[in-house]
Amino acid sequence: MAGKLVIGNWKMNTRADSAQTLLQALLADETSNRDWVGVAAPAVYLAGLAERLRGQPLRLCAQDVSAFDQDGAFTGETSAAMLADIGCGYTLVGHSERRQYFGESNAALLRKMRNAIAAGLVPVLCVGETLEEREAGRQLEVIRDQLALLSEIDHGEYVVAYEPVWAIGTGKVATLAQIAEIHGAIKKWCLQNVKASDNIRVLYGGSVKAENAEAILATENVDGALVGGASLDAGSFRAICQAAGKLI
């Protein structure tokens, strides 16, 4: 799959006005208003942003999706069909913060992946190890366990995002050698265990900034970036998109 993919994860940030202002700044610049760029906004603002994005290349991404595949008495849930209905193209699945704070299991994440694919969304499965797991030399074991659910999916497009938990929001960044090693291991595992794995893109996330984006994106087996805090600043996010654009 040619080209890079850059997704900005706004997490639980912005308000209605600031979300629209941030989106407008991205739409106004062809550097970021591209079909390989997406923004993962809080669920409450997705519909309003979707209206603004009609006819624009920039893609809308949800931060999560329900494990339930049918409408019904699931108060507080947002289904894949609902997200697709308002214009989302992608959804994050299994972000480390979802695993940490909400105890999401592989079984639940598999249902979310399947629901997203069935609704026409591209799920982005997030994987990554904690600092303790890396210091114990268990990073590959942990990531393979998190990837295992992909062997249960036999069709559809999806993306993997590697985010070392110890580098999310900490200012710490994995070395380029560490990034290349893990991305290579993910692709090797997928080739051996997943159908149609030659089309799987692997993004890097974890304190990606304007200053380090070009080096990270040029690293072997890195197919894009999942950007956290830097995506909340239009100038910084545009610079990351510009770095990705140079490599397409």
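Residues numbered from 1 in each chain as written. Predicted model: local features only at pLDDT ≥ 70, side-chain atom pairs only at ≥ 80, totals over all residues. Heavy atoms only, no water.

**A short note on the pattern of salt bridges**
- Inspection of the entire model under this criterion finds twelve salt bridges.
- A salt bridge links Glu104 to Arg98; its shortest N-O distance comes to 3.2 Å.
- Glu104 sits in the buried class, given a relative accessible area of 13%.
- A relative accessible area of 23% places Arg98 in the partly exposed class.
- When the shortest N-O distance is used, the salt bridge between Glu214 and Lys246 registers 3.5 Å. One end of the pair, Glu214, is in helix H9 (residues 213–217); the other, Lys246, is in the segment after helix H10 (234–245), with 32 residues separating them in the sequence. (Salt bridge = Lys/Arg side-chain N within 4 Å of Asp/Glu carboxyl O. Buried < 20%, exposed > 50% of the residue type's maximum accessible area, 1.4 Å probe, protein only. Helix = DSSP H or I, 4+ residues; strand = E, 2+ residues; numbered from the N terminus.)

**Focus: the sheet that holds strand E5 (residues 122–127)**
- If you trace the eight strands once around the closed barrel, you get E1-E2-E3-E4-E5-E6-E7-E8, paired in parallel fashion. Averaged over all adjacent pairs, the angle separating strand axes in this sheet is 25 degrees, with direction ignored.
- Pairing geometry for strand E1 (residues 5–9) and strand E2 (residues 37–40), over four bridges, is parallel. Residue pairing for E2: Ile7 is matched across the bridge by Gly38.
- Here H10 sits on the sheet and contacts E1, E2 and strand E8 (224–227); the angle it forms with E1, its principal contact strand, is near 165 degrees. (Pairing = 2+ DSSP bridges. Axes fitted to C-alpha atoms, helices over the stretch in contact; angles between N-to-C directions. Contact = heavy atoms within 4.5 Å.)

**Observations regarding the nonpolar core**
- Of all hydrophobic cores here, the largest spans 66 residues; its most connected members are Leu150, Ile186 and Tyr204.
- With six residues, the single largest contributor to this core is H10.
- Excluding its chain neighbours within four sequence positions, the residues that come into contact with Ile186 are Val127, Ile143, Leu147, Val160, Tyr162 and Val202. (Core = buried A, V, L, I, M, F, W, Y, C linked by side-chain atoms within 4.5 Å.)

**A few points about the pairing of strand E4 (residues 90–93)**
- Because side chains alternate across E4, one face comprises the buried residues Tyr90 and Leu92, and the other comprises Thr91 and Val93, equally buried.
- Pairing of strand E3 (residues 59–62) with E4, which is carried by two bridges, proceeds in the parallel orientation. Within E4, the residue paired with Ala62 across the bridge is Thr91.
- Read from E3 through helix H3 (residues 80–86) to E4, the crossover connection turns out right-handed.
- Inspection of the sheet shows E4 paired to E5 by four bridges, in the parallel sense. Among the inter-strand pairings, Tyr90 is bridged to a residue of E5, identified as Val122. (Right-handed = clockwise from strand over helix to strand, strands pointing away.)

**Concerning the UniProt feature "binding site: substrate" (unreviewed entry) in the protein**
- Taking the UniProt record as the reference, the feature "binding site: substrate" (unreviewed entry) is found at Asn9, Trp10, Lys11, Gly169, Ser207, Gly228 and Gly229. In terms of the greatest pairwise C-alpha distance, the residues named above, spread along 221 residues, form a tight cluster of at most 13.8 Å across.
- Residue contacts for Ser207: discarding those within four places in its chain leaves Ala167, Gly169, Thr170, Gly171, Lys172, Val173 and Asn212.
- Within polar-contact distance, the side chain of Ser207 engages the backbone oxygen of Ala167 at 2.7 Å. (UniProt positions renumbered as here; feature names shortened; annotations may be inferred. Polar contact = N/O pair within 3.5 Å; in protein donor to acceptor, adjacent residues only side chain to side chain.)

**Overview of the state of the cysteines**
- Applying the stated criterion across every chain, the model contains zero disulfides.
- In this structure Cys61 is a free cysteine whose sulfur lies 7.2 Å from that of Cys88, the closest cysteine sulfur available.
- The class for Cys61 is buried, based on a relative accessible area of 1%.
- What makes Cys88 buried here is its relative accessible area of 7%. (Disulfide = S-S within 2.5 Å.)

**A word on the side chain of Arg201**
- Tracing the sequence through the fold places Arg201 in strand E7 (residues 201–205).
- Judged by its relative accessible area of 8%, Arg201 falls in the buried class.
- A polar side-chain atom of Arg201 sits 3.3 Å from a polar atom in the side chain of Glu157.

**Brief notes about the UniProt feature "active site" (unreviewed entry) in the protein**
- The feature "active site" (unreviewed entry), as given by UniProt, occupies His95 and Glu163 in the numbering adopted here. Look at the named residues: they lie 69 residues apart in sequence, but the longest C-alpha span between them is just 8.5 Å, so in the fold they bunch up.
- For His95, the position within the fold is in the loop between E4 and helix H4 (96–102).
- Relative to the helices and strands, Glu163 is located in the loop between strand E6 (159–162) and helix H8 (176–193).

**Digging into the environment of Glu211**
- On the secondary structure map, Glu211 appears in the loop between E7 and H9.
- For the pair Glu211 and Ser236, spaced 25 residues apart in the sequence, the C-alpha separation amounts to 8.8 Å.

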